[in-house]
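So the chains spell out like this:
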Amino acid sequence: MPLTDDKHDSGILVASPSKSTKTNCWSCGEMRAAHFCQTCGKVQPPAPVDYFAFFGLPYHLNLDGPQLEREFYSLSRHLHPDVNAVRTPQEQEWSLQQSSSLNDAYRTLKDPIARTEYLLRLQGVHLEEQSTAATEEARRSGKAKKQVVPPDLLEEVFELNMQLEEARMNKKMGEPDRSLERELHDQKKHLQEKQDGLMQDLHRAWNDWDAVIDSTDSALEDDRGAVLQRMMDVLNQRAYVRNLLRDIDEVLE
Ligand SMILES: [Zn+2]
């Protein structure tokens, strides 16, 4: 389901991937778009939809960024509470809710990682607890992060953690070890390359996912779980590597 082709501000026609509904405007009774009426311009009661449906998008992970941005600004203009300033308190409230959903949806969908994580959540997949909040909490409390080392990284992580430990100790004692620091610089470069590779893996998984979404072929449909699993693995590795990079930076500061 493409974004609506209406040449003007679309408001995005009411149509969600799960159900297509034709709803009339509460005010003028005309066919309306999801968020505001295309005839009278009145903001409509918010419907509980996910972020993809909010933008009238299919559940694709490859996404036209510039088009999303245009839709965002177009909707912003119509939904902003100031635009509706002369209207009733009820419309004001709808406007605020719609604007807030719009901002959340846009922020999430425009970011490749947030978009992928969001789609995984919609599919009922839960990522390891590797959020920034969990990381910060672990540092504050001094407790080890409850982070599962991705199997692919086990070996190098073990080695790296020893080096980090040593480097931290050296730093505390004010006795820098230049060769150890050089090794950590090398590790950092290696991990950055790994990070780039993971992004490529993720994009490949996106393509496979989009093919599953577009397919009516049940053979492809069977791949759904496998693709989700791959994306989850990549994101977990990526989060883990990101934390390692941050740890290295801290030690090398
Ligand atoms: Zn209307």
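In this text the structure is predicted, and so the values were computed from the model without any measurement.

Participant: Looking at this structure, I do not really get the coordination of the zinc ion. What am I missing?
Facilitator: Ideal coordination angles are 109.5 degrees for a metal with four donors arranged tetrahedrally and 90 or 180 degrees for a metal with six donors arranged octahedrally. Summarising the metal site, the zinc ion is bound by the protein donors Cys25 (SG), Cys28 (SG), Cys37 (SG) and Cys40 (SG), whose distances to it range over 2.3 to 2.4 Å. Each of the four donor atoms around the zinc ion contributes to a set of angles spanning 104 to 115°, which defines the coordination as tetrahedral. Between consecutive donor residues of the zinc ion, the sequence gaps follow C-x2-C-x8-C-x2-C. Of this pair, cysteine 28 sits in the segment before α1 (51–54) while cysteine 40 sits in the segment before α1, and the two are twelve residues apart along the sequence. Judged by its relative accessible area of 31%, cysteine 40 falls in the partly exposed class.

Participant: I would appreciate a short explanation of helix α3 (residues 89–110) in the present structure.
Facilitator: Residues three or four positions apart in an α-helix share a direction because the helix packs 3.6 residues into each turn. Here α3 spans 31 Å end to end across 22 residues, near enough to the 32 Å set by a 1.5 Å rise per residue. Every buried residue of α3 is accounted for by Glu91, Trp94, Ser95, Gln98, Ser99, Leu102, Ala105, Tyr106, Thr108 and Leu109. Looking at the buried residues of α3, the elements they touch are α1, α2 (65–79) and α4 (112–122).

Participant: Teacher, can you tell me more about the packing of α4 against helix α7 (residues 178–214) here?
Facilitator: Between two packed helices, both the angle of their axes relative to each other and the distance between the axes serve to describe the pair. Following both chains from N to C, one finds α4 and α7 inclined at 45°, their axes separated by 12 Å at the closest point. As the angle between them shows, α4 and α7 are arranged oblique. As for the relative orientation of α4 and α7, their crossing is left-handed in sense. Each of Pro112, Ile113, Arg115, Thr116 and Leu119 in α4 lies in contact with α7, whose residues at this interface are Met199, Leu202, Trp206 and Trp209.

Participant: Is there a simple way to explain the pattern of salt bridges in this structure?
Facilitator: If the charged atoms of two oppositely charged side chains come close together, the side chains can form a pair. All told, the structure shown has eight salt bridges when counted by the stated rule. Note that glutamate 165 and arginine 168 form a salt bridge whose closest N and O atoms lie 3.3 Å from each other. Taken together, the residues span about one helical turn, with glutamate 165 and arginine 168 both in helix α6 (residues 154–173) at a distance of three residues. In this structure glutamate 165 comes out as partly exposed when scored by relative accessible area, which is 44%. Arginine 168 gets classed as partly exposed once you look at its relative accessible area, which sits at 35%.

Participant: Help me out: how do you make sense of the nonpolar core in this one?
Facilitator: What tends to happen in soluble globular proteins is that the nonpolar side chains get buried as a cluster. Judged by nonpolar contacts, the single largest core of 48 residues is most densely connected at Phe55, Leu119, Leu184 and Met231. Considering each element in turn, this core owes the most residues, twelve residues, to helix α9 (residues 224–252). There are two domains that each give this core at least three residues, and those are domain 1 (1–110) and domain 2 (145–252). Filtering out sequence-adjacent residues up to four positions away, leucine 184 remains in contact with Leu160, Gln163, Leu164, Ala167, Ile248, Val251 and Leu252.

Participant: Sorry, what's going on with the packing of aromatic side chains here?
Facilitator: The relative placement of two aromatic rings is captured by the distance of their centres and the angle of their planes. Scanning the model with the defined rule gives seven aromatic pairs in all. Here tyrosine 51 and tyrosine 118 contribute two aromatic rings whose centre-to-centre distance is 4.5 Å and whose plane-to-plane angle is 15°, an arrangement assigned as stacked. One end of the pair, tyrosine 51, is in helix α1; the other, tyrosine 118, is in helix α4, and 67 residues separate them in sequence. Classification of tyrosine 118 as buried rests on a relative accessible area of 10%. Aromatic side chains phenylalanine 54 and phenylalanine 55 sit 5.9 Å apart centroid to centroid with 70° between the ring planes, which places their arrangement in the edge-to-face category.

Quick notes on the rules
- Residues numbered from 1 in each chain as written.
- Predicted model: local features only at pLDDT ≥ 70, side-chain atom pairs only at ≥ 80, totals over all residues.
- Heavy atoms only, no water.
- Donors = N, O, S within 2.8 Å, 3.2 Å for Na, K, Ca; no water.
- Tetrahedral: all angles 85-135°; square planar, octahedral: opposite > 155°, others 65-115°.
- Helix = DSSP H or I, 4+ residues; strand = E, 2+ residues; numbered from the N terminus.
- Buried < 20%, exposed > 50% of the residue type's maximum accessible area, 1.4 Å probe, protein only.
- Expected span 1.5 Å × (residues − 1).
- Contact = heavy atoms within 4.5 Å.
- Axes fitted to C-alpha atoms, helices over the stretch in contact; angles between N-to-C directions.
- Parallel < 35°, antiparallel > 145°, perpendicular 65-115°, else oblique.
- Left-handed = near helix turned anticlockwise from the far one by under 90°.
- Salt bridge = Lys/Arg side-chain N within 4 Å of Asp/Glu carboxyl O.
- Core = buried A, V, L, I, M, F, W, Y, C linked by side-chain atoms within 4.5 Å.
- Domains from an automatic or database assignment.
- Phe/Tyr/Trp six-rings, centres within 6.5 Å; stacked < 30°, edge-to-face > 60°.

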